[in-house]
Amino acid sequence: MKAKLLKLKRLSREINDLNAAATVLYWDQTTYMPPGGAETRARQIATLRRLAHEKLTHPAIGRLLNALRPYESGLPYDADDASLIRVVRRDYERAVRVPAAFMEELSNHTATLYEIWTKARPANDFAAVEPFLEKTLDLSRQLAGFFPGYEHIIDPLIDFADEGMKASMLRPLFCELHQHLVPMFQAITAQQAADDTCLLQRFPEEQQVAFGLEVIARFGFDFERGRQDKTHHPFTARFSSGDVRITTRVKEDDLGEALFSTMHEAGHALYEQGIRRDLEGTPLARGTSSGMHESQSRLWENLVGRSRGFWRFFYLRLQTAFPQQLASVPFDVFFRAINKVKPSLIRTNADEVTYNLHVIIRFDLELALLEGRLLVRDLPEAWRERYKADLGMMPPDDREGVLQDVHWYSGVIGGEFQGYALGNIMSAQLFEAAVGAHPEIPPELEQGKFGTLHNWLKDEIYQYGCKYTASELIERATGAPLNIEPYIRYLRAKYGELYRL
Ligand code: ZN
């Protein structure tokens, strides 16, 4: 048994190594690679991913998993070995159910559509993507079909990113959230909008980067085991627990851009850096779900980085870094500016109150498409209707409407958007539990101290990697199942005070 376990560990480490090498190539592609490298690089990454996939789906893994079943069932659920076998089995079963020929067709198709979308979006040309999006919808349904026995066709697609979550759980959760958010948003926008011109002055790049690095160093980002570089669309890449990199982009005419996206990516990175070191090289050494990952980016970006306490400590430092721009801007003006709520058409620029409305619209449209209640050709109109109903504004064209997000044009329809809303909901539930356990956290934030919060998150969430699912972690850490109450309480308290609701 010992030999079989060691063999499974070795094979899964090799799969990890191939995937990590592909991630290094991807990171380089989006940071420093000259444009001439693009074509070959795409092939190099695809080769490594294919080798990893072949290794994962090799019958030898299936045989080892079968042979290890008695050993696994004799161990407690959360023993390292039992968790490793369970996670490899999940990865293996997901991978072998989908025929290689289908995966190839899907990845060729999505690569083609992505290319078309990059031109169709600036040209406001939904007609150019429409037939391809029909095919994506068809392929998305086929992909779900490889996992029979689901309640809802979106469930297998959600399960890839947020294991165990289902449409039947998410629909009521999002519906409840929607019912709270819409009146809150309407009450806020009935008042005079916050003035955010103080953020829209000229802020030299070098000082912006330096300030962001100071903030995340205080959060606990470990520069011995990570670094930050520039890119177009910020992301976090883990090569190993000793090397977790974040990327950022700077706009010299908008202070918020780099500052909050740096905190956001640092949140993702703190999660990856916090995974127990002895899990390194095993498939357990990764964040457990897309929702849980996003909960950490949003917790550090919003619950910490847009809080009054945080800025009580940092505002003077920011003013010192940018005296010309900010010396005469009072604290409250700045604080309202970074928490401005306004209806907008673009999800990625949305504030905390409206962000989830953007996500819920996409989730509902995905359900309608997958169920066949909505045709692809009617999607732009359905999009406009929902924006009018939920946010009170209609996109003037598809650039600011249905063509805005990369997701449907670079992958399948279904399974990605829910993670953004889940992340917000979880972020508040976790933060509330952390403060409940350690009432000293809020006063510490005002002194620029983040150690107690960071340690609580490491102990309750980060260290485990993907040993537990997100739902299991939430229950263990907060003593309650996932629910929206802490998130609503958080928004009410913060925006109630800002806007006297
Ligand atoms: Zn994120």
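To continue, consider the coordination of the zinc ion. Geometrically, a metal with four donors at the corners of a regular tetrahedron has ideal angles of 109.5 degrees, and one with six donors at the corners of a regular octahedron has ideal angles of 90 or 180 degrees. Looking at the zinc ion, the protein donor atoms are His264 (NE2), His268 (NE2) and Glu294 (OE), and they sit 2.1 to 2.4 Å from it. Summarised as a motif, the one-chain spacing of the donors to the zinc ion is H-x3-H-x25-E. Here His268, found in helix α11 (residues 255–273), pairs with Glu294, found in helix α12 (residues 290–304); they are 26 residues apart in sequence, far enough to count as distant. In terms of burial, His268 and Glu294 fall into one category: buried.

Here the domain parsing of the protein yields domain 1 (2–120) and domain 2 (167–200 + 270–499). Using only C-alpha atoms to locate each centre, domain 1 and domain 2 end up separated by 29 Å. Across the contact, 20 residues belong to domain 1 and 22 residues belong to domain 2. It is Tyr77, Asp80 and Trp117 that lose the most area in domain 1 upon contact with domain 2, and together they represent 30% of the buried surface on that side. For the pair domain 1 and domain 2, the number of links is three salt bridges. Across the salt bridge formed by Asp80 and Arg276, the nearest N and O atoms sit 2.6 Å from each other. Linking domain 1 with domain 2 are 11 residue pairs in polar contact (both at pLDDT 80 or more), by the criterion used here. A total of eight residues in the side of domain 1 that touches domain 2 trace back to one element, the largest contributor, which is helix α5 (residues 80–97). Grouping the amino acids of the side of domain 1 that touches domain 2 by side-chain chemistry returns 10 nonpolar, four polar and six charged.

Spanning 30 residues, helix α1 (residues 2–31) covers 43 Å between terminal C-alpha atoms, matching the ideal 44 Å at 1.5 Å per step. Among the residues of α1, Leu5, Leu8, Leu11, Ser12, Ile15, Leu18, Ala20, Ala22, Thr23, Trp27 and Thr31 are the ones counted as buried.

Phe219, Trp300, Trp311, Trp408 and Tyr409 are the most contacted members of the largest nonpolar core, which totals 128 residues. Here this core takes 12 residues from helix α16 (residues 352–371), the largest share from any one element. When residues of this core are assigned to domains, at least three fall in each of domain 1 (2–120) and domain 2 (167–200 + 270–499). Dropping the residues within four chain positions of it, Trp408 is found in contact with Leu113, Leu133, Thr136, Arg362, Leu365, Glu366, Leu379, Trp383, Val402, Ile413 and Phe417.

The rules behind these values
- Residues numbered from 1 in each chain as written.
- Predicted model: local features only at pLDDT ≥ 70, side-chain atom pairs only at ≥ 80, totals over all residues.
- Heavy atoms only, no water.
- Donors = N, O, S within 2.8 Å, 3.2 Å for Na, K, Ca; no water.
- Helix = DSSP H or I, 4+ residues; strand = E, 2+ residues; numbered from the N terminus.
- Buried < 20%, exposed > 50% of the residue type's maximum accessible area, 1.4 Å probe, protein only.
- Domains from an automatic or database assignment.
- Contact = heavy atoms within 4.5 Å.
- Buried area = accessible area lost by both parts, 1.4 Å probe.
- Salt bridge = Lys/Arg side-chain N within 4 Å of Asp/Glu carboxyl O.
- Polar contact = N/O pair within 3.5 Å; in protein donor to acceptor, adjacent residues only side chain to side chain.
- Nonpolar A, V, L, I, M, F, W, Y, C, P; charged D, E, K, R; others polar.
- Expected span 1.5 Å × (residues − 1).
- Core = buried A, V, L, I, M, F, W, Y, C linked by side-chain atoms within 4.5 Å.

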